[in-house]
Amino acid sequence: MKDKFVVGPSPHIRSPRDINYIMWDVVVALIPVMLASIIFYGMAAVYILFVSTFTALFFEAIVLHKKISIRKFFGDGSAAITGILLGLSLPPVIGRELEYLWLAALGSAVAILIGKHVFGGLGKNPFNPALVGRAFLVASFSEVMAAKWITPGVDAVTAATALAPGAPDYSLFDMFIGNIPGSLGETSALAILIGGFYLLAKGHIDWRIPGGFLGAMGVYSIFYVAISQGFTPNFIQLAVNEVLFQWFSGTALLAAIYMATCYVTSPTTKKGRLYYGIGCGLILILIRYHGQLPEGATFAILFMNALTPLLDKYTIPQTFGEVKK
């Protein structure tokens, strides 16, 4: 009789989906993006992704386990996601010119040790670890991280990204496919969307975060076109092209779908997630139009990560049966 009722803290609904299942499912969703980066940048992408992911797994195993076995080395998948996302956010030149390859290892080490385990490990870090590692690299090695871009292909040459001042007029089709200069994971919008729809179908991410993120960027882009060019006869076409350009260029899609949706650093309430996504997209688009940096997804998400506790506090849903005063 004593085992008939078990008293325990909420939540009481159990799910077969544990951390390992979700994390490795996210890795599966990143496969199209990784394949696209390898197709466009060849072995340079392979080198970067291998070094960044291996380093993240290595330091995760060192911190959590005294003796490293193969099973413990791969862990719950969270470190693998950190390493992959960091690698996808790096410029291909790091893998093409091997004297820079150590930057991928350094960024992953910072992401795991400082971005994650300084705060207590998985579930306790207030900031996205991969973005912490990338922010460190951008601040410390700005020339490599922001100035050395190459075009896709075997005989790649130095070129400007779509967001850089004086960049060529890349077609929306090339930007959608990924045949433009940029970091490994930001170039192919098609590959990012394939993985994003997979995560949405599996219920691993909430549409409110990427929806608010991209929606805020789109609304402000339309507003910017209206202010800068006026309501001309071809206003609709100009506005649509500008919105698609902002979505397909830079790290907007990658950040909205894979980075801003981090379980640990994003709000838990529905309203909080929507406001969080809107805040990320608005800060990013403001940096693009009015800031000194061509890209600002890293800083936009890190800033909103800091506001996550406030969003959770002030967007708590009304308790069932509660009557307002």
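Since this is a predicted model, take the numbers as computed values, not measurements.

Colleague: Got a minute to help me understand the environment of serine 183 in this structure?
Modeller: Among the secondary structure elements, serine 183 is positioned in the loop between helix 10 (172–177) and helix 11 (189–202). Spatially, the C-alpha atoms of serine 183 and alanine 45 are 9.7 Å apart, while their sequence positions differ by 138 residues. One polar contact links serine 183 to glutamate 186, side chain to side chain, over a distance of 2.9 Å.

Colleague: Sorry if this is basic, but what is going on with the packing of aromatic side chains here?
Modeller: Remark: the centre distance and the inter-plane angle together describe each pair of aromatic rings, the angle taken between the planes. Enumeration over the complete set of coordinates arrives at 10 aromatic pairs. Ring centres 6.4 Å apart and planes at 15° place the aromatic pair phenylalanine 54 and phenylalanine 58 in the stacked group. Within this pair, phenylalanine 54 and its partner phenylalanine 58 are both found in helix 3 (residues 43–64), separated by four residues, close to a single helical turn. Judged by relative accessible area, phenylalanine 54 falls into the partly exposed class, the value being 40%. Each ring, one from tryptophan 102 and one from phenylalanine 141, has its centre 5.4 Å from the other, and the planes form 90°; the classification is edge-to-face.

Colleague: I keep staring at the nonpolar core and nothing clicks. Help me out?
Modeller: Among the nonpolar cores identified, the biggest contains 72 residues, and Leu30, Leu88, Ile94, Phe213, Tyr258, Tyr276 and Ile301 are the most heavily contacted of them. At eight residues, helix 14 (residues 252–259) tops the list of elements feeding residues into this core. If we ignore the near neighbours within four places in the chain, the residues touching leucine 30 are Ile84, Leu85, Leu88 and Tyr258.

Colleague: Would you take a moment to explain helix 12 (residues 208–229) for this structure?
Modeller: Helical geometry: 3.6 residues make up each α-helical turn, so side chains three or four residues apart lie on a common side. Between the first and last C-alpha of helix 12 there are 31 Å, a value that for 22 residues agrees with the 32 Å anticipated at 1.5 Å per step. A positive backbone phi angle near 80° is found at glycine 230, which sits one or two residues after helix 12.

Colleague: I keep staring at helix 3 and nothing clicks. Help me out?
Modeller: The end-to-end C-alpha distance of helix 3 is 31 Å, a good match for the 32 Å that 22 residues give at a rise of 1.5 Å each. Where helix 3 is concerned, the buried positions are Ala44, Ala45, Ile48, Leu49, Val51, Ser52, Thr53, Thr55, Ala56, Leu57, Glu60 and Ala61.

Colleague: Explanation requested: the pattern of salt bridges in the structure shown.
Modeller: Side chains carrying opposite charge are able to pair once their charged atoms draw close together. Tallying each qualifying case throughout the model produces four salt bridges. With a closest N to O distance of 2.7 Å, aspartate 25 and lysine 202 form a salt bridge. Within this pair, whereas aspartate 25 is found in helix 1 (residues 19–29), its partner lysine 202 is found in helix 11, the two being separated by 177 residues in sequence. For lysine 202, a relative accessible area of 23% gives the class partly exposed. In this structure, glutamate 60 and lysine 116 form a salt bridge, with 3.0 Å as the shortest nitrogen-oxygen distance. Here glutamate 60 is found in helix 3, whereas its partner lysine 116 is found in the loop between helix 7 (102–113) and helix 8 (129–140), with 56 residues between them in sequence. With respect to class, glutamate 60 is no different from lysine 116; both count as buried.

What counts, and where the lines are drawn
- Residues numbered from 1 in each chain as written.
- Predicted model: local features only at pLDDT ≥ 70, side-chain atom pairs only at ≥ 80, totals over all residues.
- Heavy atoms only, no water.
- Helix = DSSP H or I, 4+ residues; strand = E, 2+ residues; numbered from the N terminus.
- Polar contact = N/O pair within 3.5 Å; in protein donor to acceptor, adjacent residues only side chain to side chain.
- Phe/Tyr/Trp six-rings, centres within 6.5 Å; stacked < 30°, edge-to-face > 60°.
- Buried < 20%, exposed > 50% of the residue type's maximum accessible area, 1.4 Å probe, protein only.
- Core = buried A, V, L, I, M, F, W, Y, C linked by side-chain atoms within 4.5 Å.
- Contact = heavy atoms within 4.5 Å.
- Expected span 1.5 Å × (residues − 1).
- Salt bridge = Lys/Arg side-chain N within 4 Å of Asp/Glu carboxyl O.

None of the figures reported here should be taken as evidence of function without further support.
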